[in-house]
Amino acid sequence: MSGRARGMWAAAVLGLVLLGAGSAGAASPKTRTQYTGVVNLNEATVAQLDLLPGVGPKAAQRIVTWREKRAFKRIEELVRVKGFGKKQFLKLKPYLTLQGPTTLKAEKALVQMGEVRVTAPAPAKP
C-alpha cells in the first residue's frame, strides 16, 4: 500500500471512530408514542381528541365544532371535517368509536435498536 493510500485509509478509520464516539455518547434513547384505547367522537374533549396521532388542537377543535352541529352517526363521517381525508381517517380508525367512554392513552415506549455494523472499504491495491 502506498503512503498516500495508507494516509487516506487512516483518515477514513479515524473519521469513523470519531463519528461513532461522538454520536454514541450524545445519542439519547429513541422513543416512539404507543397508543392504547379509543376516543368517542361524540363525547371526547378537545384535549382527548388532541391525543390522537397526527391530530393537533386546531383539528381537535374542528371535530368538536362539527359535532356541535350534527352528532357523528358513523366514524367514517370524520372525513367530512376539514383537514381529515381518507388517509388520515384510516390512520385514526383503530382509535375511534361512537360508544362508551374515551380511554385513549398515549405513552412513550423505548425503541429497540438492532445491531449496527460499520464496514470499512477494502484497501486500494497498489
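Preceding block: the structure.
Visitor: Tell me about the overall build of the protein chain, and please be specific about residues and values.
Guide: Across its full length, the protein chain carries four helices and four strands. Element order for the protein chain, N to C, with α for helix and β for strand: α-β-β-α-α-α-β-β. Within the protein chain, the proportion of its 126 residues that are buried is 23%. For the protein chain, the accessible area works out to roughly 9200 Å², and carbon and sulfur atoms hold 57% of it.

Visitor: Can you tell me about the environment of G100, naming the residues and giving the values?
Guide: Along the polypeptide, G100 turns up in the loop between β3 (96-97) and β4 (105-110). You can call G100 partly exposed: its relative accessible area is 40%. With 61 residues separating them in the primary sequence, G100 and V39 have C-alpha atoms 8.9 Å apart. Residues within four places of G100 in sequence aside, it is in contact with N40 and E43.

Visitor: Let's hear about the environment of K73: which residues, and what values?
Guide: Following the sequence through the fold, K73 ends up in the loop between α3 (57-69) and α4 (86-92). By relative accessible area, K73 is classed as exposed at 70%. When the C-alpha positions of K73 and L41 are compared, they lie 9.6 Å apart, and in sequence the two are 32 residues distant.

Visitor: Can you break down α3 residue by residue, with the values?
Guide: Between its first and last C-alpha atoms α3 spans 19 Å; for 13 residues at 1.5 Å apiece the expected length is 18 Å, and the two agree. Every buried residue of α3 is accounted for by A59, A60, I63, V64, W66 and R67. Viewed end-on, α3 has its buried residues packed into an arc of 165 degrees, placing them on one side of the element. Turned more than 90 degrees away from the buried face of α3, the exposed residues are P57, K58, E68 and K69. Tucked inside the fold, the buried residues of α3 contact α2 (46-50).

Visitor: So what's going on with the packing of aromatic side chains? Residues and values would help.
Guide: Applying the stated criterion across every chain yields a total of two aromatic pairs. Aromatic side chains Y35 and Y95 sit 5.7 Å apart centroid to centroid with 55 degrees between the ring planes, which places their arrangement in the tilted category. Here Y95 lies in the loop between α4 and β3 and Y35 lies in strand β1 (residues 31-36), a separation of 60 residues in the sequence. The buried category is assigned to Y95, whose relative accessible area is 18%.

Visitor: How would you summarise the side chain of E77 if you had to cite specific residues and measurements?
Guide: Tracing the chain through its elements places E77 in the loop between α3 and α4. An unpaired buried charge is present at E77: no salt bridge exists, and R80, the closest side chain of opposite charge, is 4.4 Å distant. Residues within four places of E77 in sequence aside, it is in contact with W66, A71 and F72.

The rules behind these values
- Residues numbered from 1 in each chain as written.
- Predicted model: local features only at pLDDT ≥ 70, side-chain atom pairs only at ≥ 80, totals over all residues.
- Heavy atoms only, no water.
- Helix = DSSP H or I, 4+ residues; strand = E, 2+ residues; numbered from the N terminus.
- Buried < 20%, exposed > 50% of the residue type's maximum accessible area, 1.4 Å probe, protein only.
- Areas by Shrake-Rupley, 256 points an atom, 1.4 Å probe, with all protein chains shown as cover.
- Contact = heavy atoms within 4.5 Å.
- Expected span 1.5 Å × (residues − 1).
- Arc of directions from axis to C-beta.
- Phe/Tyr/Trp six-rings, centres within 6.5 Å; stacked < 30°, edge-to-face > 60°.
- Lys, Arg positive; Asp, Glu negative; His and termini not counted.
- Salt bridge = Lys/Arg side-chain N within 4 Å of Asp/Glu carboxyl O.

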